[in-house]
Amino acid sequence: MQRIIRFRNHSIFLILGGVFVGIVLFCALISIIYLPDDPMATNSMTKLAAPSADHLFGCDHEGRDVLSRVILGSRPTVIISLLGILIALLLGMLLGSAAGYFGGAPDHFLMLISDSIMAFPGILLALVFVAVIGKGLPGLIFGLGIVFAPSYARIFRTGIRQLKDREYILLARLIGVKPPRILFVHLFPGLVPQLAPAIVVGIANMAMAEAGLSYLGQGVQIPQPSLGNMLMEGQSYLVYAPWIIIFPSIYLLFYVLGMYFLSEGVRMKFKTGGV
Amino acid sequence: MAYEPTPLLSIRNLSLSFSDPVTRKENSILSRLSFDIRDGEVFGIVGESGSGKTILSLAIAGLLPETAKITAGEIIFRGQNLLSLSPKARRDLLGREIGMIFQEPLSSLNPLISVGKHLEEVITAHPDASTPKETRGMRKTRILEMLAHVGFHDPGRIYRAFPHQLSGGQRQRALIAGALLLKPSLLIADEPTTALDTVTQTQILDQLRRISQSFSLSVLFISHDLKIMEKMCDRLAVLHNRRIVECDATYEVLHSPGHPHTAALLRGARLDIRGAEVARPAPPAGAVPLYRIEALSAGYTTTAFRGATNEAQVLDQVSLRILPGEILGLIGSSGCGKTTLARVMTGLLPGSTGRIYENEELVADFSLKKRIRKSPVGLVFQDPYNSLNPYKTVGWLLEEPLRVNHLHPQKDRRERVLTMMAQVGLPKRYIDSYPHQLSGGQRQRVALAISLMLSPSLIIADEPVSSLDVTVQSQILQLLHDINRRSGVAFLLITHDLRVIRAICDRVAVMDSGKIVETGRIGDVIHSPKMPVTKLLTEQI
């Protein structure tokens, strides 16, 4: 990316990413108070209707307004990706910090768990967790959270291992700072430059994973719309009514690409900020 | 008119600036420098860190980073202005006519390539038209000869060795050999011995001096250390505040400095401390020592492959007394266990055997937790860049000891911080500064202030000045001395530099391979050293 475009300034990435992500977040929020049409109401008159003034994004095979469904469908994507990353981050922080700070046996044990999670293909494992915890939002959030946790655990672990023998941490121990405070107050600010871009990318990846699960029918359940299950429903009509698939895809693209831009911007900002 | 030989290299009105990549602001680094280097002389440039010495050497070699720009002036080498040459022609000149050695020998060598390969590459990268059919064997002979020249007794072994198998001094010598292989007429040596210990330093410098004479090689020698300059250089230029403030024969510069900054550097090199001559009356013979260490042994255990453990004994039956309110110097060459002793005494390194008495009371537990509650030991590290958390402000860092130990009500803490800052000579305005906005000396003041916040009875200072400039060194030592006299806190000053010890210590302990070999009053140890190690150390000054 950098080699092709070569922006010297990080702000262009932050602005582009902010706009893309902003559009999706705005829709997810607005869906609470306003939808152009009832996203669930089937209508035999408008089956597979092309985009028009009445239905900007056209209608699907049940005659439901695609625009309303896309707006409503972006809600689970946003909720799952944001809450899922929070779970992943919390789990990763606990495991990674403990492993990195104490080292030795706890480190071996925790990293064994983390490595075994990483050894499975992410989607497959998420399917298992969803099957155990149950379909629907909580299952998705926890399932994806667990699957994504090891990569954050690794960042915490390596970061802390690098920093904990720094002299300023030794000095902090010497003046009587207790381990939890050393971790949270003295060490964590040092991890932000590595962590921040990883979190933003994680949100994008989680959104894609959610779409993938919903596409496979294991995520958000029909008739509740989500970007993923709209793709699944629309694929049989791809030739006659491509708008059923195109608009949710563009939406997902906005969110994911926006997050990638943001993460690149954040990464460059920390690089040039140079603490 | 006196005979003036044509200079080998002459710098004319050279100005150089950095442009900030974000703000695009020009930042002047060097301004209108002019000097000549004659054939076969060793020309020294001395200056404090950040004065632009290294950038100057890179400008001559044509290795400037992208952000640096030469704004005016000429660099004339053998009558040719280097700045008007094409990049390719300059590259060709570098290596063939201008050799270069750097401060850190390890980072100049690829760990996966043997020394011989490194040196051979020097030759193959500069194909010589006069000897087009040089075979590998011939090249090897040339390299082995050169290795012998720079003082290796077994060039064959060095030829096959990889960088990690050599000591720092050997690596630097191998690099010198590489720089000399193509018989350049100018060698740029940028702090070539700063990363080496004193004994090796002397060897390398002698070798350089000898080589310069036998090859009639001009050397541009860059250093911050006047002591080295005095030994090495024929002429000396002092770089200060972007300009050359003084340039003359070394003897003249050092014995009748014509610029106040040169005088300041000289004073710094002597480490004069005001009031240090006034020796404190010796404590009565029966005084209770603040700390008494008996038969302390410690080591590191490293777990190797498959749980095999490797034990390295670092401290071997160390016994030491620290009297209340004294400054005890601990001197020894690098790797003798000084730092380990500091870590054990502060409780940062568990797993040691022996006894530590504090006010004649046995400290039963070496662990950190109990130490802090009873009586904290302050610690000041060598590198002020690593010892302060880069993400916190000075005020926050100074307040932290009070905060975590619940000392003083919250509203009084800032007041305490300001008082402490005044005590260590930090202006109030730095309270909201981050460590990277401070100079090395200021950071060291902050580090000292952090230790003082808990009013310890002992502060261990581990090489507190060895990474600072000479003028700053004496300021920090002065501060340690003043704090000791004012508040009566005892110092254990760890160093490898006898000048530091002589400047402020009352007593000195000499350490060698994990043992204390000699202790005594500073004058006695310097003037009549008992042990051979001590003799070696005293010869440095």
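Rules and cut-offs
- Residues numbered from 1 in each chain as written.
- Chains lettered and ligands numbered in written order.
- Predicted model: local features only at pLDDT ≥ 70, side-chain atom pairs only at ≥ 80, totals over all residues.
- Heavy atoms only, no water.
- Domains from an automatic or database assignment.
- Helix = DSSP H or I, 4+ residues; strand = E, 2+ residues; numbered from the N terminus.
- Buried < 20%, exposed > 50% of the residue type's maximum accessible area, 1.4 Å probe, protein only.
- Pairing = 2+ DSSP bridges.
- Axes fitted to C-alpha atoms, helices over the stretch in contact; angles between N-to-C directions.
- Contact = heavy atoms within 4.5 Å.
- Buried area = accessible area lost by both parts, 1.4 Å probe.
- Salt bridge = Lys/Arg side-chain N within 4 Å of Asp/Glu carboxyl O.
- Nonpolar A, V, L, I, M, F, W, Y, C, P; charged D, E, K, R; others polar.
- Parallel < 35°, antiparallel > 145°, perpendicular 65-115°, else oblique.
- Left-handed = near helix turned anticlockwise from the far one by under 90°.
- Phe/Tyr/Trp six-rings, centres within 6.5 Å; stacked < 30°, edge-to-face > 60°.
- 1 Å grid on protein atoms, 1.4 Å probe; cavity = no way out; pocket = protein on both sides within 12 Å on 5 of 7 lines; lining within 4 Å.
- Points joined across faces, edges and corners; volume = space filled by probe spheres on them.
- Right-handed = clockwise from strand over helix to strand, strands pointing away.
- Patch = residues over 30% accessible without salt bridge, like charges linked within 9 Å, V, L, I, M, F, W, Y side chains within 5 Å.
- Areas by Shrake-Rupley, 256 points an atom, 1.4 Å probe, with all protein chains shown as cover.
- pLDDT = per-residue confidence, 0-100.
- Core = buried A, V, L, I, M, F, W, Y, C linked by side-chain atoms within 4.5 Å.

J.: How should I be thinking about the domain arrangement of chain B in this particular structure?
T.: Interfaces are often sized by the amount of accessible area the parts lose when they come together. Domain parsing of chain B yields domain 1 (9-269) and domain 2 (386-453). Its C-alpha centre places domain 1 of chain B at a distance of 40 Å from the equivalent point of domain 2 of chain B.

J.: When you look at unusual backbone geometry in this model, what are you seeing that I'm missing?
T.: Note: most residues except glycine have negative phi, and most peptide bonds are trans. Residue and element names in this part refer to chain B. One non-glycine residue, Gln 317, lies in the positive phi region at around 50 degrees. Positive phi values are uncommon outside glycine, yet His 408 reaches one of about 60 degrees. With respect to the element layout, His 408 can be found in the loop between helix H13 (394-404) and helix H14 (410-423). Residue His 408 is classed as partly exposed on the basis of its relative accessible area of 33%.

J.: What is the right way to read the sheet that holds strand E17 (residues 458-462) of chain B from this model?
T.: By definition, the strands of a sheet pair up through backbone hydrogen bonds, in either a parallel or an antiparallel sense. Residue and element names in this part refer to chain B. Taken together, six strands build an open sheet; the order of strands is E16-E17-E18-E13-E19-E20 and the sheet is mixed. Each having just a single partner strand, strand E16 (377-380) and strand E20 (515-521) make up the two edges of the open sheet. Across this sheet, the average inter-strand angle for adjacent strands is 20 degrees, counted without regard to direction. Here strand E13 (residues 327-331) pairs with strand E18 (residues 490-495) via five bridges, running parallel. Within E18, the position partnered with Ile 327 by the bridge is Phe 491.

J.: Help me understand the interface of chain B and chain A, please; the structure alone is not making it clear to me.
T.: The interface of chain B with chain A comprises 26 residues on the first partner and 18 residues on the second. For the pairing of chain B and chain A, the buried interface totals around 2,200 Å² over both sides, and the portion due to carbon and sulfur atoms is 65%. Interface area lost by chain B to chain A is led by B:Leu348, B:Asn386 and B:Tyr391, which between them contribute 24%. Our enumeration of links across chain B and chain A arrives at one salt bridge. As a salt-bridge pair, B:Glu400 and A:Arg181 come within 2.7 Å of each other at their nearest N and O atoms. With five residues, the single largest contributor to the side of chain B that touches chain A is H13(B). Of the residues belonging to the side of chain B that touches chain A, the class tally is 14 nonpolar, six polar and six charged.

J.: Would you take a moment to explain the sheet that holds strand E8 (residues 218-223) of chain B for this structure?
T.: All names here are of chain B. Strand order in this open sheet of six strands is E6-E7-E8-E3-E9-E10, and the pairing throughout is mixed. Two strands lie at the open edges of the sheet, namely strand E6 (98-101) and strand E10 (243-249), each paired on one side alone. Across the sheet, the axes of successive neighbouring strands diverge by a mean angle of 15 degrees, strand direction being ignored. Across four bridges, E6 lies against strand E7 (residues 186-190) in parallel orientation.

J.: Which parts of the structure should I look at to understand the packing of helix H6 (residues 137-163) of chain A against helix H8 (residues 179-215) of chain A?
T.: Two packed helices can be described by the angle between their axes and the distance between those axes. Residue and element names in this part refer to chain A. At a closest axis distance of 9 Å, the pairing of H6 and H8 adopts a crossing angle of 150 degrees. Relative to H8, H6 is oriented roughly antiparallel. At the point where H6 passes H8, the crossing takes the right-handed sense. Partitioned by chemical class, the residues of the contact of H6 with H8 number 18 nonpolar, six polar and one charged.

J.: Just to check I follow, could you spell out the packing of aromatic side chains for this structure?
T.: Centre-to-centre distance and the angle between the planes together describe a pair of aromatic rings. Residue and element names in this part refer to chain A. All told, the structure shown has eight aromatic pairs over all chains when counted by the stated rule. Aromatic side chains Phe 20 and Phe 261 sit 6.1 Å apart centroid to centroid with 35 degrees between the ring planes, which places their arrangement in the tilted category. With Phe 20 in helix H2 (residues 11-30) and Phe 261 in helix H10 (residues 243-273), the pair connects residues that are 241 residues apart, well separated along the chain. Residue Phe 20 is classed as buried on the basis of its relative accessible area of 17%. An aromatic cluster is present here, built from Phe 13, Phe 20, Phe 254 and Phe 261 joined pairwise through their rings.

J.: It is not clear to me how empty space enclosed by the protein should be interpreted in this structure. Could you clarify?
T.: In this approach, a probe sized like a water molecule rolls over the atoms, and the result shows the empty space that is left. Counted under the stated rule, the structure contains six cavities of 30 Å³ or more. Considered as a void within the structure, the largest cavity measures approximately 80 Å³ in volume. In this structure, the largest cavity is lined by A:Tyr168, A:Leu171, A:Ala172, A:Ile175, A:His186, B:Ser387, B:Leu388, B:Asn389, B:Leu397, B:Glu400 and B:Ile450. Residue contributions to the lining of the largest cavity peak at three residues, all from helix H7 (residues 167-174) of chain A. Taken together, the residues that form the lining of the largest cavity break down as seven nonpolar, three polar and one charged.

J.: Would you explain the pairing of E8(B) in this entry?
T.: It is a general feature of regular strands that their side chains alternate between the two faces of the sheet. Residue and element names in this part refer to chain B. With six of six residues buried, E8 lies mostly within the body of the structure. Neither face of E8 is left uncovered, since the one carrying Ser 218, Leu 220 and Ile 222 and the one carrying Val 219, Phe 221 and Ser 223 both have all their residues buried. The sheet contact formed by strand E3 (residues 42-46) and E8 spans five bridges and is parallel. Residue Ile 45 lies in a different strand from E8, and its bridge partner there is Ile 222. In the sheet, E7 pairs with E8 via five bridges, with the strands oriented parallel. Among the inter-strand pairings, Leu 186 is bridged to a residue of E8, identified as Ser 218. In this fold, E7 hands off to helix H7 (residues 198-214), which returns the chain to E8; that crossover is right-handed.

J.: For this particular structure, what's the right way to read a nonpolar patch on the surface?
T.: All names here are of chain A. A surface patch of nonpolar side chains, about 400 Å² in accessible area, is lined by Ile 79, Leu 83, Leu 86, Leu 90 and Leu 137. The element best represented in the nonpolar patch is helix H3 (residues 66-102), accounting for four residues. In this fold, Leu 86 is placed in helix H3.

J.: Explanation requested: the confidence of the model for chain B in the structure shown.
T.: Residues shown with low pLDDT carry predicted positions that ought not to be read at fine detail. Residue and element names in this part refer to chain B. For chain B, mean pLDDT is 82; residues scoring 70 or higher make up 89% of the total. Within chain B, the lowest mean pLDDT, 57, falls on helix H12 (residues 368-374), and the highest, 92, falls on H13. For this predicted complex, the interface confidence score (ipTM) comes to 0.74, while the overall pTM stands at 0.74.

J.: Teacher, can you tell me more about the packing of H13(B) against H14(B) here?
T.: Residue and element names in this part refer to chain B. At a closest axis distance of 9 Å, the pairing of H13 and H14 adopts a crossing angle of 115 degrees. Note that H13 runs across H14; the crossing there is right-handed. Listed contacts from H14 to Val 394, Gly 395, Leu 398, Glu 399, Leu 402 and Arg 403 of H13 are Arg 413, Arg 416, Val 417 and Met 421. A per-class count over the contact of H13 with H14 returns five nonpolar, one polar and four charged.

J.: For this particular structure, what's the right way to read the pattern of salt bridges?
T.: A pair can form between side chains of opposite charge whenever their charged atoms are brought close. All told, the structure shown has 26 salt bridges over all chains when counted by the stated rule. As a salt-bridge pair, B:Arg485 and B:Asp506 come within 4.0 Å of each other at their nearest N and O atoms. One end of the pair, B:Arg485, is in helix H16 (residues 470-487); the other, B:Asp506, is in the loop between helix H17 (498-504) and strand E19 (507-512), and 21 residues separate them in sequence. Overall, the relative accessible area of 30% leaves B:Arg485 in the partly exposed class. Each of A:Asp60, A:Arg64, A:Arg69 and A:Glu233 takes part in a single network of salt bridges with overlapping partners.

J.: Any chance you could explain the nonpolar core here in plain terms?
T.: Soluble globular proteins: nonpolar side chains tend toward being buried together. The biggest cluster of nonpolar side chains holds 149 residues, and the ones touching the most others in it are A:Leu187, B:Met345, B:Met421, B:Leu448, B:Leu458, B:Ile460 and B:Leu492. Ranked by residue count, the leading element in this core is H8(A), at 14 residues. Filtering out sequence-adjacent residues up to four positions away, B:Leu458 remains in contact with B:Leu290, B:Tyr291, B:Ile322, B:Met345, B:Pro376, B:Val377, B:Gly378, B:Val489, B:Ala490, B:Phe491 and B:Leu492. B:Ile143, B:Leu187, B:Leu208 and B:Met229 belong to the second-largest nonpolar core, a separate cluster that totals 46 residues.

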